[in-house]
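Working through the structure, step by step
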Amino acid sequence: MTKKINKIGVLTSGGDAPGMNAAIRAVVRACTHYNVECVGIYEGYSGLIKNDLVTLDARSVANTINKGGTFLRTARCNEFIKKKGRQVAYDNLKKAGVNALVVIGGDGSFRGALEFSQEFKFPVVGIPGTIDNDIQGTDFTIGYDTALNTVVEAVDKIRDTASSHNRLFLVEVMGRDAGDIALNAGIGAGAEEILIPEREDLGIERLLKSLDHSEKTGKTSSIVIVAEGKTGMNVLEMRDYLNEHRPEYDVRVSVIGHMQRGGSPTCADRVLASRLGIGAVDALMNGSTNVMLGVQKNELVTVDLKVVLLKNRNIEKELLRVAHISSL
Ligand code: ADP
């Protein structure tokens, strides 16, 4: 029989993502619903080790649902990777009377969460918060939809200048080793070609073929979306290659960069964050541990953290086809 949970800690860890505030808010409000205390931990696992905690009640999270970033701040913490660091974290939680933890972050944060939970038999539940959408076990992660919309808005603007000048734009987008942002934003922004790390055949050779095809079909300007993960060449090498092998093109590079992490979360991200935040507290109160909350086919699900960490998500083949046909 597990101990009754009466004080839940919540932290954001790893890369930040829009909608993390909405998730914290939902966790706090769910604690209010269950009449259990809630404690925020600043700067992810670092705050656990430094004992940087703050009491949160329902009113502490007023006016946060619309804010990008995370008011608890986030961090990467090497000390937590070592047993010694995790022991300090556990001692601090025990001293504060916290007896369950919600971790909002990506796969690295979940690895830490699982390690910690198994080591100290401490109930931990994960919420996927990353713009990359690279977490197995959930169709969407918090922040992904906002990042997609940021990319589409930026590419729409780039298109205006590309089409005015007869230019070829290589636009680099984020996503670590996942091509979800590139593929979906590429379709949404009407990209000519989308180069993603999951498919080795979607590299420079494919781009050259696509450019030849465009020439034949009378396209005058082109937007190519390049995922930041390995696609054989980075975006600058690609530009140099094209300058050398296709000098007829006026090639420009645009790296959208960190603006993809910022901004007010979209409604979809706010709703997702609210569902997952409340679901996480529900799961803890029902005695679950070592699980991640996710959505699959719009149903809320709990997935074993071990399964989540087992492998990477696959790219949807149907979307590759849509990207191809819609850019003909
Ligand atoms: P993300 O959660 O966005 O994938 P990271 O990979 O940087 O971000 O991981 C965030 C933090 O999680 C790390 O700084 C570290 O504190 C913790 N962490 C990652 N892997 C482990 C591990 N194997 N054991 C313990 N803690 C880990």
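Definitions and limits used
Residues numbered from 1 in each chain as written. Predicted model: local features only at pLDDT ≥ 70, side-chain atom pairs only at ≥ 80, totals over all residues. Heavy atoms only, no water. Domains from an automatic or database assignment. Contact = heavy atoms within 4.5 Å. Buried area = accessible area lost by both parts, 1.4 Å probe. Salt bridge = Lys/Arg side-chain N within 4 Å of Asp/Glu carboxyl O. Near = heavy atom within 4 Å. Polar contact = N/O pair within 3.5 Å; in protein donor to acceptor, adjacent residues only side chain to side chain. Areas by Shrake-Rupley, 256 points an atom, 1.4 Å probe, with all protein chains shown as cover. Helix = DSSP H or I, 4+ residues; strand = E, 2+ residues; numbered from the N terminus. Buried < 20%, exposed > 50% of the residue type's maximum accessible area, 1.4 Å probe, protein only. Pairing = 2+ DSSP bridges. Axes fitted to C-alpha atoms, helices over the stretch in contact; angles between N-to-C directions. Core = buried A, V, L, I, M, F, W, Y, C linked by side-chain atoms within 4.5 Å.

Below, the discussion takes up the domain arrangement of the chain. One widely used convention gives an interface's size as the accessible area the parts lose upon coming together. Partitioning the chain into domains gives domain 1 (7–143 + 265–308) and domain 2 (144–262). Between the C-alpha centres of domain 1 and domain 2 the distance comes to 34 Å. Across the contact, 19 residues belong to domain 1 and 14 residues belong to domain 2. Taken together, the two surfaces of domain 1 and domain 2 that pack against each other cover about 1,300 Å², and 49% of this comes from carbon and sulfur. At the junction of domain 1 with domain 2, the criterion picks out three salt bridges. For Asp132, the salt bridge goes to Arg176, with nearest N and O atoms at 3.5 Å.

Lining the immediate environment of the ligand, one finds 16 residues, of which Arg76, Cys77, Gly106, Gly108 and Ser109 sit closest. Measuring from an oxygen atom of the ligand, one finds a backbone N or O atom of Gly15 at 3.2 Å. Contact between the ligand and Ser109: an oxygen atom at 2.5 Å from a side-chain N or O atom of the residue. Computed on the free molecule, the ligand has an accessible area of 560 Å², of which 84% lies beneath the protein chains in the complex.

The next point concerns the pattern of salt bridges. On inspection of all chains with the given rule, the structure shows 13 salt bridges. With a shortest N-O distance of 3.8 Å, Glu153 and Lys157 are connected by a salt bridge. With a gap of four residues between them, Glu153 and Lys157 both fall in helix H5 (residues 144–165), about one helical turn apart. We classify Glu153 as partly exposed; its relative accessible area is 48%. Where Asp250 meets Arg252, a salt bridge forms, and the shortest distance between an N and an O atom there is 3.2 Å. You can call Asp250 partly exposed: its relative accessible area is 28%. Judged by its relative accessible area of 34%, Arg252 falls in the partly exposed class. Linked through salt bridges whose partners overlap, the residues forming this network are Asp107, Asp132, Asp134 and Arg176.

A sheet is described by the order of its strands in space; here four strands give the open sequence S7-S8-S6-S9, paired in parallel fashion. The outermost strands of the open sheet, each flanked by one partner alone, are strand S7 (193–195) and strand S9 (251–255). Going from strand to strand, the sheet's axes swing by 20 degrees on average, the running direction of each strand aside. Lying over the sheet, H5 contacts strand S6 (168–173), strand S8 (222–227) and S9, oriented at roughly 165 degrees with respect to S6. Contacting S6, S7 and S8, helix H7 (residues 204–217) crosses the sheet at an angle of about 180 degrees to S7.

A few words now on the nonpolar core. In this structure, Ile8, Val10, Val102, Val171 and Ile225 are the most contacted members of the largest nonpolar core, which totals 63 residues. In terms of residues, this core owes the most to one element, H5, which gives nine residues. Residues from two domains meet in this core; each of domain 1 (7–143 + 265–308) and domain 2 (144–262) gives at least three. Setting aside residues up to four positions removed in sequence, Ile8 forms contacts with Cys31, Val36, Glu37, Cys38, Val39, Val98, Ala100, Val102, Val281, Leu284 and Met285. In this structure, Phe80, Phe120, Ile135 and Met292 belong to the second largest nonpolar core, which totals 28 residues.

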